[in-house]
Amino acid sequence: MKSRPCSSAVEKHFIQCSGKPLRYDPAERTSIIEVADFPSLGRLTALRFLEWVLENPEGVVSLPTGKTPEYFIKWAHHYLDHWDEASVQKSLESVGLVGRSRPEMGGLRFVQIDEFYPIETSQRNSFYYYVNKYYLRGLGMDPERALLINPAIIGLAEGERLESVFPDGQVDLSLRSRRPANTLEENQVRVIMAVDQFCSEYERTIRDWGGIGFFLGGIGPDGHIGFNARGSHLNSPTRLTLTNYETEATAAGDLGGIEVSRNKPVITIGLGTITHNKDAVVIIFAAGESKCRVVADAIEQPRHVKYPATVIQDCPHARFYLTSGATLELKERRLHAILKEEPLLEEDFEKAIINRALDLNRRLDQLGDGEVAGDPLLEALLKKTGRSMADVSRWVRGRILARIESGLEVRSNETILHTGPHHDDIMLGYMPYIMHLVRQPSNRNEFCVLTSGFNAVTNRFLAAILEDLLGFIRTGIFESDGESGRLAPDNAAARAADVYRYLDAIAARDDEKRRRVQARRMLSNLIAVYEDESLEGIAERIEESLHYLRTLYPGKKDVPTIQRLKGMQREFEEELIWGYIGTDPAHVRHSRLGFYKGDIFTETPTIERDVEPVLDLLNEFNPTIVSLAFDPEGAGPDTHYKVLQVLSEALRKFHEETGREVQIWGYRNVWHRFAPSEANIYVPTSLNTMAIMENSFMQCFGSQRDASFPSYAYDGPFCHLAQKIWVEQFRMIQVCLGERFFTENDHPRLRATRGFVFLKSMSLDEFSRRARSLARATEATETTEATES
């Protein structure tokens with residue numbers, strides 16, 4: 001459907017700033033407004049929302065939950081709280097909101113989009129809690145005019161609780177069509193029917209209100225909006241339903257693990273609910289390159305149940321608000337952007353050539369002018385440059401060979417600071433390369449994990465360690481360690497011995513010794529946390545902690561002591577992984593940057609609290625190379641994005657203060673990956689190094705072994721997904737160079753290659769250009785932090 005002419009002053013402003021049309025017909029079936037980055041996306045959505053409220057003060061709105069709305073919420077707070085201030089008025093005038101009074105939020109009707117089922121809505125990880133905190137109370141909407149989903153009261157008798165009806169948290173929806181087998185199932189049927197009736201009435205109420213007038217939603221990894229997963233009927237109503245693995249994996253972080261989110265039903269408004277009001281403003285927003293494929297499908301594919309977001313193509317006021325990274329798979333938009341480049345970026349030209357080779361399954365040296373037809377981007381690029389297909393294919397082949405040579409190069413006399421946002425990021429990113437780097441005695445390898453990472457440790461895992469420890473304490477096995485001072489948290493030698501003895505236990509396949517060493521390290525951690533050296537006192541603390549862990553609902557933010565214990569467990573695991581390949585534990589640092597607190601919206605890093613400790617590390621080590629998780633537009637977890645900001649600012653200050661040049665190695669792992677044209681170091685990876693990576697991960701990262709917080713792309717441990725990615729990267733290069741290049745190569749490492757690790761080596765200047773500065777990241781929120789309390 002053709003979109004109506006844009007009547008929004010806000011949208012006109014941002015369209016003009018983007019320099020791009022609303023859509024490129026006929027390829028794009030829904031209109032798009034493109035912005036540079038995540039904070040700008042939040043500002044656009046907040047301004048468009050407030051503009052709509054000014055025109056529809058009693059309208060029906062439906063707003064999203066999760067992490068994507070972070071900057072939308074912060075910008076909306078900023079404008080509402082400071083509306084009459086001169087600086088805000090100037091900002092509003094710049095987008096066409098001239099002389100307008102502050103929007104009145106109390107007249108709006110609010111519709112909650114979705115909710116997990118069953119869930120107690122007093123839990124802070126329920127969407128009911130979220131919308132009450134951030135929208136009803138946060139933006140000043142009237143709760144009496146809100147349509148909410150409260151599973152804690154739907155269909156329950158007085159005094160009855162969800163946990164008594166669904167004691168294991170699981171809901172068997174087959175009870176809709178089969179006979180209950182016992183009294184418990186009879187109660188479950190009664191409640192499920194009541195929920196279905198609630199959904200029917202919820203839908204009717206929305207339609208009686210005229211439908212949703214302003215809908216803002218994100219898009220999931222399978223393309224879902226709301227909880228309308230792939231395969232949902234395009235006219236679906238509000239309903240109780242199951243989702244799919246991708247959605248369950250994404251929800252695992254909210255619910256405390258995939259063990260909780262797997263097969264958990266949801267209540268969601270339907271695709272038909274969202275599109276019922278044909279005059280509605282329907283906005284889907286997305287940030288980062290990891291969303292570019294599902295975004296492209298939603299915009300370029302015809303309406304189909306396989307792509308739920310295609311449903312909005314029939315809405316004349318529908319929009320996608322996207323960061324530049326999220327548009328990268330939109331063919332026509334990408335074509336126009338590349339053709340405007342002056343000079344043409346070699347990376348874009350190369351990507352087009354490689355993609356053509358992969359599409360045709362042809363070696364680069366087999367590509368000629370006859371293989372160009374049918375690829376509009378490649379045709380345009382060759383015409384613009386005046387080069388032949390054979391010429392550019394030779395050029396690309398040479399670049400690939402140079403990158404392989406770089407990956408084979410023996411590095412020596414380097415001081416390398418390997419950094420990671422979380423405790424398994426470095427090894428999942430490029431452990432095969434590190435295995436070669438540590439074998440050169442002249443190299444100094446320092447490892448630093450910048451956050452505590454406690455969110456990735458489940459209550460169940462920590463409780464199992466504490467139960468083990470309590471049993472060991474009662475046998476008296478640790479009394480001599482306590483008397484000799486070997487349990488003292490500042491006894492570096494004793495803590496290093498924990499690492500070596502654990503590794504000995506792995507080698508000996510001695511599970512009893514492994515559990516004993518693990519318990520001993522946890523005991524030392526408890527002494528540090530509680531400042532109590534008495535084993536009796538520690539035993540009492542363990543009992544208290546076990547009670548807390550057993551009674552806490554999964555996904556709740558932990559108290560600081562439990563956060564510390566979980567984080568220290570992850571730190572021990574990081575020491576183990578690098579000890580596995582010979583690194584002294586003294587060369588593994590744990591920064592515990594203060595912005596990481598376990599809140600739904602990770603705090604914006606600050607100079608004093610977060611940047612200065614990293615700057616101190618740079619000054620201490622004086623590295624020649626710094627590695628980092630390279631995700632400049634937040635395509636991975638938001639911790640990656642914010643750690644990148646910290647490192648960017650610290651490296652900038654380091655260079656300003658010392659004048660030293662540092663080489664940057666950017667890596668990506670299970671959350672996002674490089675295209676072959678983006679990377680410039682290809683590290684050959686053999687079955688041997690893959691086996692070492694898998695075994696070390698499964699043996700050392702005990703908290704991650706069960707993949708409680710998996711990727712939506714793979715149902716299993718991260719080490720298996722990392723290997724899958726390396727193999728896929730090898731297959732791409734194998735197509736480009738041919739199978740015989742590897743099988744008949746003179747170099748044994750290339751004959752043994754079964755995977756490739758991709759890295760991007762950058763100068764500090766190049767890295768700084770690509771990474772958004774900390775100052776820009778904070779400008780959106782520095783005046784609104786107080787609204788979070």
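A short tour of the structure in this document, coming up. Every value quoted in this text rests on a predicted model; they were computed, and no experiment measured them.

**Some remarks on the pairing of strand E17 (residues 753-762)**
For a regular strand, side chains alternate in direction, first toward one face of the sheet and then toward the other. With respect to burial, E17 is a largely interior element, 9 of its 10 residues being buried. With 4 bridges joining them, strand E15 (residues 663-667) and E17 adopt antiparallel strand pairing. Paired with isoleucine 664 across the bridge in E17 is methionine 762. Here strand E16 (residues 681-686) pairs with E17 via 6 bridges, running antiparallel. From the neighbouring strand, proline 684 faces E17, where its bridge partner is phenylalanine 756.

**Considering the sheet that holds strand E4 (residues 114-116)**
Strand order in the open sheet formed by 3 strands is E4-E8-E7, and the pairing between neighbours is antiparallel. The outermost strands of the open sheet, each flanked by one partner alone, are E4 and strand E7 (239-241). Pairs of neighbouring strands in the sheet enclose a mean axial angle of 20 degrees, with direction left out of account. Across 3 bridges, E4 lies against strand E8 (residues 266-268) in antiparallel orientation. Within E8, the position partnered with phenylalanine 116 by the bridge is valine 266. Packing of helix H7 (residues 183-208) onto the sheet brings it into contact with E7 and E8, and relative to E7 it is tilted by some 135 degrees.

**Observations regarding the packing of helix H2 (residues 38-55) against helix H3 (residues 70-81)**
H3 packs onto H2 with a crossing angle of 55 degrees between their chain directions and a minimal axis gap of 7 Å. With respect to each other, H2 and H3 are oriented oblique. Seen along the crossing, H2 lies across H3 with a hand that is right-handed. In this structure, H2 uses Phe38, Pro39, Gly42, Arg43, Thr45, Ala46, Leu47, Phe49 and Leu50 to contact H3, whose residues at the interface are Glu70, Tyr71, Phe72, Trp75, Ala76, Tyr79 and Leu80. Class assignment of the residues belonging to the contact of H2 with H3 gives a composition of 12 nonpolar, 2 polar and 2 charged.

**Observations concerning the sheet that holds strand E6 (residues 214-217)**
Strand order in the open sheet formed by 7 strands is E1-E10-E9-E6-E2-E3-E5, with parallel pairing between adjacent strands. One side of each edge strand has no neighbouring strand; the edge strands of this open sheet are strand E1 (31-35) and strand E5 (146-147). Taken strand by strand, helix H11 (residues 292-300) contacts E1, strand E9 (281-286) and strand E10 (318-323), and its axis lies near 155 degrees from that of E10.

**Considering the pattern of salt bridges**
Any two side chains of opposite charge can pair if their charged atoms end up close together. Evaluated as defined, the whole model comprises 64 salt bridges. Notably, a salt bridge pairs glutamate 300 with lysine 331, separated by 3.7 Å at the nearest N-O pair. Of this pair, glutamate 300 sits in helix H11 while lysine 331 sits in helix H12 (residues 331-339), and the two are 31 residues apart along the sequence. Accessibility expressed as a relative area gives 58% for lysine 331, which makes it exposed. Salt-bridge contacts for glutamate 446 lead to arginine 444; the nearest nitrogen and oxygen are separated by 2.8 Å. Note on glutamate 446: relative accessible area 2%, which makes it buried. Overall, the relative accessible area of 32% leaves arginine 444 in the partly exposed class. Put simply, Asp481, Arg486, Asp498, Arg520, Arg521 and Glu575 are held in one network by salt bridges that share partners.

About the criteria used
Residues numbered from 1 in each chain as written. Predicted model: local features only at pLDDT ≥ 70, side-chain atom pairs only at ≥ 80, totals over all residues. Heavy atoms only, no water. Buried < 20%, exposed > 50% of the residue type's maximum accessible area, 1.4 Å probe, protein only. Helix = DSSP H or I, 4+ residues; strand = E, 2+ residues; numbered from the N terminus. Pairing = 2+ DSSP bridges. Axes fitted to C-alpha atoms, helices over the stretch in contact; angles between N-to-C directions. Contact = heavy atoms within 4.5 Å. Parallel < 35°, antiparallel > 145°, perpendicular 65-115°, else oblique. Left-handed = near helix turned anticlockwise from the far one by under 90°. Nonpolar A, V, L, I, M, F, W, Y, C, P; charged D, E, K, R; others polar. Salt bridge = Lys/Arg side-chain N within 4 Å of Asp/Glu carboxyl O.

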